[in-house]
Amino acid sequence: MSGPEKTQQNGATHKKEDSAGVFAMSLFAAGIGLYVSLFVGWLVLPELLYSKQHQPIDFNHAIHMEQVDGCTDCHVFRDDGTYAGAPTLSQCIDCHEDVQSVEPDPEDENYEDLMKQYKAEVKFVEEYVANDKEVPWLIYARQPDCVFFSHAAHLNSEKFKVLEDGKIGAPPVEFEDDEEPEDARCNMCHMAFIKGEAVPFGEAESLPVYEENRITTYSRDIWGRNFSGFNKHYYDSAKMDDCAQCHNDQRNEGKSKDACFVCHK
Amino acid sequence: MKLNRRNFLLVSTAGAAGGAVGSMFSPLSWKLMDDSSVWSQNWPWTPVPLDGEVSFEETTCALCPGGCRVKVRKVDSRPVKLEGVDGGPVNDGGICILGLTALQLVYGPARVRTPLKRAGKRGEGKWVEITWDEAISDVSEKLAELKGAGQSKAVGCITNGAKGVTSALFARFMEAYGSPNHYWQATAWDSYEENIQRTLGLNGSAGFDLEKADYILSFGAGLLDGWGSPVRMFQAHSKWRENHDAHVTLVQIDAQLSNTAAKADKWLPINPGTEGAVAMAMAHVIISKNLYDRGYVNWSTTGFRDFFRTVQTEYAPEKVAKIACPVQKPEYVKKWTEELESRAIAFAKAEKPLALAGKGNGDRPVSQAELNAIQSLNALVGSINREEGGMVVIPDADKYPWPPVVLDADAKGYKPALVTTKGRTKYGASNLLSNLPKAINAQHGGLKALLVAGANPLYTLADTEETAAALQKIEYIVSFASQMDDTFTYADIILPDHIYLESTVDVPTPPGFAKPVYGLAKPVIDPVYKTKAMGDSIIEIAKAMGGTIAESFPWGGFGDAMEQAMNEKWNALDSDGVYVNEDFQPEKEGIRFRFFARAGMEDRISLQGSVEKYPLVITPCDTIRLSTGALADTPFMVKTVSDTKLKKRELVVQVNTMTAQQYGFKEGSQAILETPVAKATVLVHCSEEIAPGLVGVPRGLGHIAYDEFVGGKGTNYNTLISPVQDPATGFDVAWGIRAKLT
Ligand code: SF4
């Protein structure tokens, strides 16, 4: 064999090795790309997308529920049937014109919890009541203006309940005989996500961190905790699809004439 | 593996592909897509209505004298909409475009938000914010200084008419202060008041039972262009048209095809300024055909014999046609004359005919000669004080039962007003505001201080240049404007008024309404800015001045003065917001209508300018979409003005197609419109809706102040014309001016 041929053969071997190397590198790069992209998509983006904010006052629903007769005592329906949302100062002042609780005793076994509550109330009275200033609550369930939602219709409707074989998931609340059905209904959608746990709002001892979508400015509760958008429960999210599930069924079963304008007035 | 360019690209592409595949399996792209679509619904400039408790509160609109009952829809404390109140005695659920958009006056950029004091030169627009205490003491000190120097008569005051408690408080202040110089601008309704005194010997204003009339002859009255109480007129018109069995005929006698003329059963075009002569010609027909109401004429009138003679000799339709018919072609004149005759006959034969005066929206006075003629038609057919569908006199309200004004020696002394009157008029010189600028300019130092309360003379008076020169001569101008209006630019200090939604305002019987009705506006929202009701401001100024002036204002505030003024009406007004005198019966006993023989041609008001130099005549066009008074349009209203009146920022004038051709103009041509007093660049709109030789100029445009939405649009009609005095009253009755288009 002549020298140049040899060289050619050697060249061919090199080429093979080289393309295998390139292939391996490409595969590796593709893997890295895939990994980075999945990592960013699943783990980094949720962290970046949502800002974490604390409510101006750490309100304790559980304590208040002991004093009142159900959710709608404070989250009232106005005379015209519209839902008033978060209570206003004028409602709170009925009880909290002055600080109601006493400073806890450091010896108390619940000292820390009691102190937290006490501080929250002092802050509320000093910063808001005294200055006649509404508390700028961050609303977890705030929807865009193009959405019309009637709490009254849902609260009063026979159709609105979690079915035994709930298509979407197990009912978050089992209606007990002695339970106010209204409250149970509120909790079907309004759950507080505290430290990864879904707690009915009425039972929550503090308010969840408000995670605001930096792009849309709506709460994370609307899209849902699950970043993929797949949810198990009624209360996991409050996007259009969630409403549509039930509304579509109703329409398909001929029970209603639901259409876009039911919600988009 | 060698890291050459090719391999590098391959590996990177693989990495990117991996990334791309990964992104398909992560929510990243889907989530971001969803979020961006939600984000796009949240543009910061997209208005989002407030969420809150919806409530409605009723009040009376006080933006014009119309007296409409309105309700404000509020979300929590924020007003979001105004609507008419069903069953409102004047408007029954209706509302006009100004009333509807009044919230733009509350929140608009032209709102004066705090007391201001001029910092730069006049017109420079430099102001410093001051407190209310500073504002009140500034004004009271200046007025006290002038009074101390024996100059009390050199203080003038301009209000928006004479009626209402606020105007009465300003009048009272002027009396206690010792100045005779309180003025307001007369309107067609002032002309009616004068005419009622002259023809019926009564003190009162004109009311028309339009809802019941069945044949209406309107001499240029823009019934659907803002005349009277505008919403009531729209509703009356709908009623006429609803009832097919008893069709009400509306004949519009007008120089142009106004909105009213377009909706009338018949439009009889005439030359502007000949309304009186046309009415006399109609009287001629009615008398000649023996169609007049003998009972009424014999028993309830005087002067018929002379009137009869004059009408028969001077006002034959053929003769009147020579001046009044807009096209002087024999066959046209013949048809026109026949039309006039047939309309006069139908009018006289109708069961409840009614003749109306008041050009356009009625805010310009009408000459007494013209009114005499038009009212003579009403007398001939027995429409004065007729049970139904006639004209009634609403007696002037009693004086407010306030304690007497306390006068010091200075205030007791006689001082002539700066404006002189011609003959005896009901309000003396007071409603001759149109003559004030000339008087100020003629007499140096005539006025040293001026209070402008609810008026905008720089805009509303004819001959803006003369008015501006007069204002410039006044050392100290106090404006109570709620908006940065035209006169505001000349003010030295501003004490901004509330908008009626924030205030208590009384609304006396609306012009032309056939029953005494009183409305009350009550605060339905808290004041949005640091403003104060004008009534409170003047009371505070009076109190700060001390002495007899303070003694003349014994009330704690405007509310007390209002309550005392309303007297027995107060309870009804306080609880219902409106008081209607349902038992009202017009005074008939011993009331005789006096015919005036002189009317029509010889008393025709001649316009300024020679025919040779100025061959055309400007005639104003009014529309409900353009406010012509002290208060300008709201931004929304300006947007609704058609481009045959305003194109971008240019005034569009209407010219007959023949006239346009004669002067070489086409649709949209730019032209210079020149009158003996001013010039303006305009665009020409060619149309058949106006008689040849006329230039139709929209009124209500060309404000020099306000905001970008209202100011600087078109030209103010009043800058182009100059006042022409009615020989009988001295009111400015100019219905136009001679002009040329080049
Ligand atoms: S017509 Fe006059 S009173 Fe009535 S809504 Fe319009 S502006 Fe107000």
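Residues numbered from 1 in each chain as written. Chains lettered and ligands numbered in written order. Predicted model: local features only at pLDDT ≥ 70, side-chain atom pairs only at ≥ 80, totals over all residues. Heavy atoms only, no water.

Asker: So what exactly am I meant to see when it comes to the overall build of chain B here?
Answerer: Helix and strand counts for chain B come out as 26 helices and 28 strands. Expected size for 742 residues packed as a compact globule is a radius of gyration near 27 Å; at 29 Å, chain B falls within 12% of this value. Each of the three principal axes of chain B carries a C-alpha extent, and together these read 125 × 70 × 55 Å. Contacts spanning at least 24 positions in sequence make up 73% of the contacts within chain B whose residues lie at least 6 apart. Here chain B displays about 29700 Å² of accessible surface, and carbon together with sulfur accounts for 52% of that area. Taking the 77 positively charged and 85 negatively charged side chains of chain B as two groups, their mean positions are separated by 6 Å. (Helix = DSSP H or I, 4+ residues; strand = E, 2+ residues; numbered from the N terminus. Rg over C-alpha atoms; globule rule 2.2 N^0.38 Å. Contact = heavy atoms within 4.5 Å. Areas by Shrake-Rupley, 256 points an atom, 1.4 Å probe, with all protein chains shown as cover. Lys, Arg positive; Asp, Glu negative; His and termini not counted. Charge placed at Lys NZ, Arg CZ, Asp CG, Glu CD.)

Asker: Explain the packing of aromatic side chains to me, please; I cannot follow it from the model alone.
Answerer: Aromatic ring pairs are defined here through the distance separating the ring centres and the angle between the ring planes. Residue and element names in this part refer to chain B. Applying the stated criterion across every chain, the model contains 27 aromatic pairs over all chains. Seen in terms of ring centroids, Trp-189 and Tyr-192 are 5.6 Å apart; in terms of plane orientation they differ by 25°. Their pairing is stacked. Here Trp-189 and its partner Tyr-192 are both found in helix α7 (residues 188-200), three residues apart, which amounts to about one turn of the helix. Classification of Trp-189 by relative accessible area gives buried; the value is 12%. Each ring, one from Tyr-292 and one from Phe-304, has its centre 5.1 Å from the other, and the planes form 45°; the classification is tilted. Of this pair, Tyr-292 sits in the loop between α10 (275-288) and α11 (294-300) while Phe-304 is found in helix α12 (residues 304-314), placing the two residues twelve residues apart along the sequence. Taking the relative accessible area as the measure of exposure, Tyr-292 reaches 12% and is therefore buried. Take Phe-304: its relative accessible area is 15%, and that puts it in the buried class. Taken together, the ring pairs connect Phe-173, Tyr-177, Tyr-400, Trp-402, Phe-553 and Trp-555 into an aromatic cluster. (Phe/Tyr/Trp six-rings, centres within 6.5 Å; stacked < 30°, edge-to-face > 60°. Buried < 20%, exposed > 50% of the residue type's maximum accessible area, 1.4 Å probe, protein only.)

Asker: How do you make sense of a nonpolar patch on the surface when you look at a structure like this?
Answerer: Judged by side-chain polarity, Met-25, Phe-28, Ile-32, Tyr-35, Val-36, Phe-39, Trp-42 and Leu-43 of chain A come together as a nonpolar surface patch covering roughly 800 Å² of accessible area. Judged by its relative accessible area of 57%, Tyr-35 of chain A is exposed. (Patch = residues over 30% accessible without salt bridge, like charges linked within 9 Å, V, L, I, M, F, W, Y side chains within 5 Å. Salt bridge = Lys/Arg side-chain N within 4 Å of Asp/Glu carboxyl O.)

Asker: For this particular structure, what's the right way to read the domain arrangement of chain A?
Answerer: Size of an interface: often given as the accessible area lost when the parts come together. Residues and elements named next belong to chain A. The domains assigned to chain A are domain 1 (18-48) and domain 2 (142-262). Across the boundary between the two partners, domain 1 contributes five residues, which contact four residues of domain 2. In this assembly, domain 1 packs against domain 2 so that about 380 Å² is buried in total across both faces, 64% of it on carbon and sulfur atoms. In this assembly, domain 1 and domain 2 are joined by zero salt bridges. Inspection of the region where domain 1 meets domain 2 yields one residue pair in polar contact (both at pLDDT 80 or more). Residues belonging to the side of domain 1 that touches domain 2 are distributed by class as follows: four nonpolar, one polar and no charged. (Domains from an automatic or database assignment. Buried area = accessible area lost by both parts, 1.4 Å probe. Polar contact = N/O pair within 3.5 Å; in protein donor to acceptor, adjacent residues only side chain to side chain. Nonpolar A, V, L, I, M, F, W, Y, C, P; charged D, E, K, R; others polar.)

Asker: I would appreciate a short explanation of unusual backbone geometry in the present structure.
Answerer: Excluding glycine, a negative phi dihedral is what most residues carry, and trans is how most peptide bonds are arranged. Even without a glycine there, the phi angle at Lys-195 of chain A is positive, about 50°. Judged by relative accessible area, Lys-195 of chain A falls into the exposed class, the value being 84%. A positive phi is found at Asp-92 of chain B, a non-glycine position, where the angle reads about 30°. Here Asp-92 of chain B lies in the loop between β3 (78-84) and α3 (97-100). Residue Asp-92 of chain B is classed as partly exposed on the basis of its relative accessible area of 45%.

Asker: Teacher, can you tell me more about the pattern of salt bridges here?
Answerer: When their charged atoms lie close together, side chains carrying opposite charge are able to pair. Scanning all chains against the criterion turns up 45 salt bridges over all chains. Glu-47 of chain A is paired through a salt bridge with Lys-52 of chain A; the nearest N and O atoms lie 3.8 Å apart. Taking relative accessible area as the criterion, Glu-47 of chain A reaches 51% and is therefore assigned exposed. Looking at Lys-52 of chain A, the relative accessible area reads 48%, which means it is partly exposed. Here Glu-124 of chain B and Lys-126 of chain B are joined by a salt bridge, their closest N and O atoms 3.3 Å apart. Through salt bridges that share partners, Glu-47, Lys-52, Glu-211, Arg-220, Asp-221 and Arg-225 of chain A make up one connected network.

Asker: Sorry, what's going on with the interface of chain A and chain B here?
Answerer: At the interface, 31 residues of chain A touch 30 residues of chain B. Among the residues chain A hides against chain B, the three largest losses belong to Val-22, Arg-78 and Ile-215 of chain A. Together they make up 20% of the total. There are one salt bridge connecting chain A and chain B. For the pair chain A and chain B, the number of links is ten residue pairs in polar contact (both at pLDDT 80 or more).

Asker: What should I look at first to understand the sheet that holds β3 of chain B in this one?
Answerer: Two orientations exist for strands paired in a sheet by backbone hydrogen bonds: parallel and antiparallel. Residue and element names in this part refer to chain B. Reading across the sheet, the three strands line up as β1-β2-β3 and stay open at both edges, with antiparallel pairing between neighbours. Edge strands, defined here as strands with exactly one partner in the open sheet, are β1 (54-60) and β3. Strand-to-strand, the axes of this sheet are offset by a mean angle of 30°, without reference to chain direction. Pairing between β1 and strand β2 (residues 69-75): seven bridges, direction antiparallel. (Pairing = 2+ DSSP bridges. Axes fitted to C-alpha atoms, helices over the stretch in contact; angles between N-to-C directions.)

Asker: Before we go on, may I ask you to explain a negative patch on the surface in this structure?
Answerer: Together, Asp-79, Asp-80, Asp-132, Glu-134 and Asp-145 of chain A together with Asp-51, Glu-53 and Asp-76 of chain B line one region of the surface with negative charge. Here Asp-51 of chain B lies in the loop between α2 (28-39) and β1. A relative accessible area of 64% places Asp-51 of chain B in the exposed class.

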